Amino acid sequence: MNKFMIKPEIIFGEDSLNYLQGREYKKFLIVTDRSMVQLKLVDKIIEKLPKDSEIQIFSEVEPNPTVDVVEKGVKELFHFQPQCIIALGGGSSIDACKGILYFGNKLFESLGKENGNMEFIAIPTTSGTGSEVTSYSVITKGNSKIALAYDEMLPKVALLNPEFMKTLPKKIIADTGIDVLTHGMEAYVSQNRNPFTNAMALEAMKLIGANLLKHYENPKDLIPRENVQYASCLAGIAFNNSSLGINHSIAHSLGAKFHISHGRSNGIVMPYVIEVNDEAEELYGEIASQLGLPGETPQEKRKVLKIYMEMLKEKLEIPKSLKELGIDFEEFKRLIPEILKDIKNDICTTYNPNSLNDEEYVSLLLKIYFGE
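Values in this document were obtained by computation on a predicted structure and should not be read as measured data.

1. Remarks on the packing of helix 9 (residues 262-276) against helix 11 (residues 298-315)
Running from N to C, helix 9 and helix 11 point in directions that differ by 170 degrees, and their axes come no closer than 9 Å. Taken together, the axes of helix 9 and helix 11 are roughly antiparallel relative to one another. For the pair formed by helix 9 and helix 11, the contact residues are Gly267, Ile268, Met270, Pro271, Ile274, Glu275 and Val276 on the first element and Arg302, Leu305, Lys306, Met309, Glu310 and Lys313 on the second.

Rendered as structure tokens:
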């Protein structure tokens, strides 16, 4: 028996924050990072909440949220006991909030207490992870990233507001945009794909292909900005139901060990994974066709798709290799056994089109390092 979840409820558009005005709760917990407070984006949320409500802000989230941050958040959740929890920020804030909510609920259960069925609202301020519509969360522990997947972490409501993306730095637009493309691509070639995920993944990639560079070049242009946001959400729903692949497994490990942003890690890895996943050649060909790329056969189209990704990365100023990024080779070589272990333990590896052995993984990792 298969399952396709179409939660959460998605509220989108320039006036989407008005949804918060109807939340008749007395206690709200906002999970975010310090920059959201400093930029006064948290204020935009607070001004929409009931005037007589009690609001607590947990702003200790950092990029690649750690187990320690989640533990601090659980303590905040337990002591404050809100009726509604709001995640505001990029994927890190939303992922951290999911971890806080999941482990907080486990703590309440262990103590025999009711959590009051808190409403979980996710408000993304970047267009990339799709975390606002997934039951996935990635938490960093030491030099490893732990990918969690529990239905209980799925937000009840996702608020998509394009205003938050208007002033994003170009580097973040590039990294998060390439992350959307990776989500769509891995969802489409996943062994767990189905017609529902296929439709959403293809539309997400089509929107990215037509709008990402426009958004990158002019972040204040509303239509490309909105379309990239929609693509992120669609790709999130797709991979939440189909899973991802080794592009993400490798990126998770590289990101944790070398402190590379998640989207940039995915972008560096992507062309080499397209090359190694020959079992998905026909599907890559379909993606190429959706993006309007030339080619007569699936083999030709897959090659053209790889070249297209390399050209797109160049325009977005994403390095083609770890060497170009400045990663020391001796350090990289020393960590290969740990990276292999991370890949095998990552839940994203399960439905990858190709199953690789250690020798094939090492060969792939060396290509990712040298860019050859």
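Next comes the rest of the description.
2. A look at helix 5 (residues 170-189)
With 20 residues, helix 5 should cover 28 Å at 1.5 Å per step; its first-to-last C-alpha distance of 29 Å lies within 8% of that length. The buried fraction of helix 5 is high, at 17 of 20 residues.

3. Some remarks on the pairing of strand 2 (residues 27-33)
Within a regular strand, side chains alternate between the sheet's two faces. In terms of burial, strand 2 is a largely internal element, six of the seven residues being buried. Sheet topology places strand 2 next to strand 3 (residues 54-61); six bridges connect them, and they run parallel. Considered in strand 3, the bridge of Ile30 is made with Ile57.

4. Observations regarding the nonpolar core
Grouped together as the largest cluster of nonpolar side chains are 84 residues, with contacts concentrated most on Leu20, Ile86, Ile123, Leu254, Leu305, Phe332 and Ile368. Looking at this core, the element that brings in the most residues is helix 5, giving nine residues. Apart from the residues lying within four places of it in its own chain, the contact partners of Ile123 are Leu17, Leu20, Ile45, Ile86, Ala87, Leu88, Gly89, Leu159 and Phe164. Membership of the second largest hydrophobic core comes to 24 residues, among which are Leu77, Ala87, Ala96 and Tyr102.

5. Quick word on the sheet that holds strand 2
Strand order across the open sheet formed by six strands is 1-8-5-4-2-3, with parallel pairing between neighbours. Two strands lie at the open edges of the sheet, namely strand 1 (9-12) and strand 3, each paired on one side alone. For this sheet, the mean angle separating the axes of adjacent strands, direction not counted, is 20 degrees. Pairing geometry for strand 4 (residues 84-89) and strand 5 (residues 119-124), over six bridges, is parallel. By the bridge assignment, Cys84 is partnered in strand 5 with Glu119.

6. Notes on unusual backbone geometry
With phi around 55 degrees, His259 is a residue other than glycine that occupies positive phi space. If you trace the backbone, His259 turns up in the loop between helix 8 (246-258) and helix 9. Judged by its relative accessible area of 65%, His259 falls in the exposed class. Unusually for a residue other than glycine, Glu317 sits at a positive phi of about 60 degrees. Inspection of the secondary structure assignment puts Glu317 in the loop between helix 11 and helix 12 (322-325).

7. Structural notes on the packing of aromatic side chains
In total, this model carries 13 aromatic pairs according to the counting rule given. Ring plane angle 85 degrees and centroid distance 4.9 Å describe the contact between Tyr369 and Phe370, whose orientation is recorded as edge-to-face. In this structure Tyr369 comes out as buried when scored by relative accessible area, which is 4%. On the accessibility criterion, Phe370 (33% relative accessible area) is partly exposed. Pairwise contacts between aromatic rings join Phe258, Phe329, Phe332, Tyr369 and Phe370 into one cluster. Sitting over the ring of Phe80, Lys27 keeps its end group 4.6 Å from the ring centre. The lysine or arginine in question, Arg193, covers the ring of Tyr188, its NZ or CZ lying 4.6 Å from the ring centre.

8. Quick notes on the packing of helix 5 against helix 9
One can describe the packing of helix 5 onto helix 9 by two numbers: an axis separation of 8 Å at closest approach and a directional angle of 45 degrees. With respect to helix 9, the element helix 5 is oriented oblique. Considering how the two elements wind past one another, helix 5 and helix 9 form a crossing that is left-handed. Taking contact as the criterion, the partners of Lys171, Asp175, Ile178, Asp179, Leu181, Thr182, His183 and Met185 in helix 5 are, on helix 9, His262, Gly263, Arg264, Asn266, Gly267, Met270 and Ile274. Of the residues that constitute the contact of helix 5 with helix 9, the class distribution is five nonpolar, six polar and four charged.

9. Structural notes on helix 13 (residues 329-345)
Here helix 13 is 17 residues long and its end C-alpha atoms lie 24 Å apart, about the 24 Å a rise of 1.5 Å per residue gives. The largest bend along helix 13 reaches roughly 50 degrees and is located at Ile336, with the proline Pro337 sitting one to four residues downstream. Among all positions of helix 13, only Phe332, Leu335, Ile336, Ile339, Leu340, Asp342 and Ile343 are buried. Residues of helix 13 that are buried make contact with strand 7 (144-149), helix 8, helix 12 and helix 14 (358-370).

10. Regarding the pattern of salt bridges
Oppositely charged side chains are able to pair whenever their charged atoms sit close together. Scanning the model with the defined rule gives twelve salt bridges in all. The partner of Asp175 in a salt bridge is Arg264, and the shortest N-O contact between them spans 2.8 Å. Placement of Asp175 in helix 5 and of Arg264 in helix 9 is noted, with a sequence separation of 89 residues between them. Judged on exposure class, the residue Asp175 and its partner Arg264 are both buried. In this structure, the salt-bridge partner of Lys367 is Glu275, at a minimum N-O distance of 3.6 Å. Of this pair, Lys367 sits in helix 14 while Glu275 is found in helix 9, placing the two residues 92 residues apart along the sequence. On the accessibility criterion, Lys367 (32% relative accessible area) is partly exposed.

Parameters and conventions
- Residues numbered from 1 in each chain as written.
- Predicted model: local features only at pLDDT ≥ 70, side-chain atom pairs only at ≥ 80, totals over all residues.
- Heavy atoms only, no water.
- Axes fitted to C-alpha atoms, helices over the stretch in contact; angles between N-to-C directions.
- Helix = DSSP H or I, 4+ residues; strand = E, 2+ residues; numbered from the N terminus.
- Parallel < 35°, antiparallel > 145°, perpendicular 65-115°, else oblique.
- Contact = heavy atoms within 4.5 Å.
- Expected span 1.5 Å × (residues − 1).
- Buried < 20%, exposed > 50% of the residue type's maximum accessible area, 1.4 Å probe, protein only.
- Pairing = 2+ DSSP bridges.
- Core = buried A, V, L, I, M, F, W, Y, C linked by side-chain atoms within 4.5 Å.
- Phe/Tyr/Trp six-rings, centres within 6.5 Å; stacked < 30°, edge-to-face > 60°.
- Lys NZ or Arg CZ within 6 Å of the ring centre and 35° of its normal.
- Left-handed = near helix turned anticlockwise from the far one by under 90°.
- Nonpolar A, V, L, I, M, F, W, Y, C, P; charged D, E, K, R; others polar.
- Bend = angle between axes of the 7 residues up to and from the residue.
- Salt bridge = Lys/Arg side-chain N within 4 Å of Asp/Glu carboxyl O.

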